[in-house]
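Listed here are the chains, written in short residue letters.
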Amino acid sequence: MNAMNDIWMEVNNVSLRVPTYEQRERSAKSFYSTFIAAAFDPPVRNYRTLLEDISISLKSGDRLAIMGKNGAGKSTLLRVLAGAYSPYRGNVIVEGKLQALLNINLGFNPDATIKENIYLRGAAMGLTITECHEIIPSVLEFSGLQGRSGDRFRVLSAGQKLRLGFSITTEVQNDILVMDEWIGAGDAEFLEKAQARLMAKVSSAKIVVLASHSVMLLRHICNRAIYMDQGRVVAEGDLEDIIARFIPNAPPKPAAKAKNVGETLVEKR
């Protein structure tokens, strides 16, 4: 990678294997015989390749779309980029601070207070104790949970938990943003400001990697694309070229970008 680029990411020949445990098929003549067979015939461990020999080079200004059918390996690749999975071959080199928006509900302790959970999530995001302390007022205000910092997380409604997770995850701006679909969080009242904040984070990031099935969303954000199939990158290039090649029934490219991102780019999972 060119030394003039201060923010970049290199994915070098990455492959990922995971263990699988397969049980030999056997007939079930009775409950007793089934239990005995299970005790003396343990499953056999095999390995399944989820990603194979993937190489990507990204620099400041790149907005990469990861495309492919369900099960192609898009989300798995994002988790490798974020460091959640370690490849068994190859490596990922990141220059800059990376933030992964993959699951905003992950990592909460139901028996801890809201304030304690902000510290826990902040620490998981790589923030220092001082930085966690500084974001608490803003997180509580954005999530609409002022005055409830001492409440236990388990007493919050599903919508309040979503708002808290989104508020913590998007509080800090990082250089590289990795996203799995577009996040829609909370009720209609919260959704508008959540979409505005998320779009601001995308616009301010130096590099964005986004996996989505929404052609409209990818066209609004991305300028490059890869297409994945069975854990491999089968094509890479300009976004419109990849869309034309692999999504022949995609709607035509609009003459201008959508004006109201909050209304037009909500991608619900």
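Bear in mind that the values here come from a model prediction, so they are computed numbers and not experimental data. (Residues numbered from 1 in each chain as written. Predicted model: local features only at pLDDT ≥ 70, side-chain atom pairs only at ≥ 80, totals over all residues. Heavy atoms only, no water.)

Q: What is the right way to look at helix H4 (residues 129-143) in this model?
A: The periodicity of an α-helix, 3.6 residues per turn, causes residues three or four positions apart to be oriented the same way. Under the 1.5 Å per step criterion, the end-to-end length of H4 is 21 Å for 15 residues, consistent within 8% with the ideal 21 Å. Of all the bends in H4, the greatest, near 40°, is centred on Ile135, and the proline Pro137 appears no more than four residues after it. Of all the residues in H4, the buried ones are Cys132, Ile135, Ile136, Val139, Leu140, Phe142 and Ser143. On its buried face, H4 is in contact with helix H3 (114-124), helix H5 (158-169) and helix H6 (188-204). A positive phi of about 75° marks Gly144, the residue just after H4. (Helix = DSSP H or I, 4+ residues; strand = E, 2+ residues; numbered from the N terminus. Expected span 1.5 Å × (residues − 1). Bend = angle between axes of the 7 residues up to and from the residue. Buried < 20%, exposed > 50% of the residue type's maximum accessible area, 1.4 Å probe, protein only. Contact = heavy atoms within 4.5 Å.)

Q: Please explain the pattern of salt bridges as it appears in this structure.
A: Should the charged atoms of two oppositely charged side chains come close, the side chains can pair. Tallying each qualifying case throughout the model produces nine salt bridges. When the shortest N-O distance is used, the salt bridge between Asp62 and Arg224 registers 3.1 Å. Linking Asp62 in the loop between strand E2 (44-59) and strand E3 (63-68) with Arg224 in strand E8 (residues 224-229), this pair joins segments that are 162 residues apart in sequence. Asp62 sits in the buried class, given a relative accessible area of 5%. One salt bridge in this structure joins Arg79 and Asp180, with 3.8 Å as the shortest N-O distance. Taken together, the residues span a long stretch of sequence, with Arg79 in helix H2 (residues 74-82) and Asp180 in strand E6 (residues 176-180) at a distance of 101 residues. According to the relative accessible area criterion, Arg79 is partly exposed, its value standing at 22%. Among the ionic contacts, a cluster of salt bridges with common partners joins Lys59, Asp62, Arg224 and Glu236. (Salt bridge = Lys/Arg side-chain N within 4 Å of Asp/Glu carboxyl O.)

Q: What exactly am I supposed to notice about the side chain of Thr169 here?
A: Relative to the helices and strands, Thr169 resides in helix H5. On the accessibility criterion, Thr169 (5% relative accessible area) is buried. Those residues in contact with Thr169 that lie beyond four places of it in its chain are Gln99, Leu101, Ile104, Arg121 and Met125.

Q: Would you take a moment to explain the side chain of Arg224 for this structure?
A: The exposure class of Arg224 is buried, given its relative accessible area of 17%. Among residues more than four places away in sequence, those in contact with Arg224 are Ser57, Leu58, Asp62, Arg63, Leu64, Ala65, Glu236, Gly237 and Leu239.

Q: Would you mind going over the packing of aromatic side chains with me for this structure?
A: What describes a pair of aromatic rings is the distance from one ring centre to the other and the angle between the planes of the rings. Counted under the stated rule, the structure contains five aromatic pairs. Summarising the aromatic geometry, the rings of Phe108 and Phe153 are spaced 4.4 Å apart at their centres and angled 25° between planes, so their arrangement reads as stacked. With Phe108 in the loop between strand E5 (98-101) and H3 and Phe153 in the loop between H4 and H5, this residue pair connects regions lying 45 residues apart in the sequence. On the accessibility criterion, Phe108 (13% relative accessible area) is buried. Judged by centre distance (5.4 Å) and plane angle (80°), the ring pair of Phe142 and Phe190 falls under edge-to-face. Of the two residues, Phe142 is situated in helix H4 and Phe190 in helix H6; the sequence distance between them amounts to 48 residues. Take Phe142 and Phe190: they sit in the same class, and that class is buried. Members of the aromatic cluster, connected to one another through ring pairs, are Phe142, Phe166 and Phe190. Here the guanidinium or amino end of Arg17 rests over the ring plane of Tyr47, the centre of that ring lying 5.0 Å away. Just above the ring of Phe142 sits the side chain of Lys193; from NZ or CZ to the centre is 4.7 Å. (Phe/Tyr/Trp six-rings, centres within 6.5 Å; stacked < 30°, edge-to-face > 60°. Lys NZ or Arg CZ within 6 Å of the ring centre and 35° of its normal.)

By themselves, these observations are geometric and do not establish any function.
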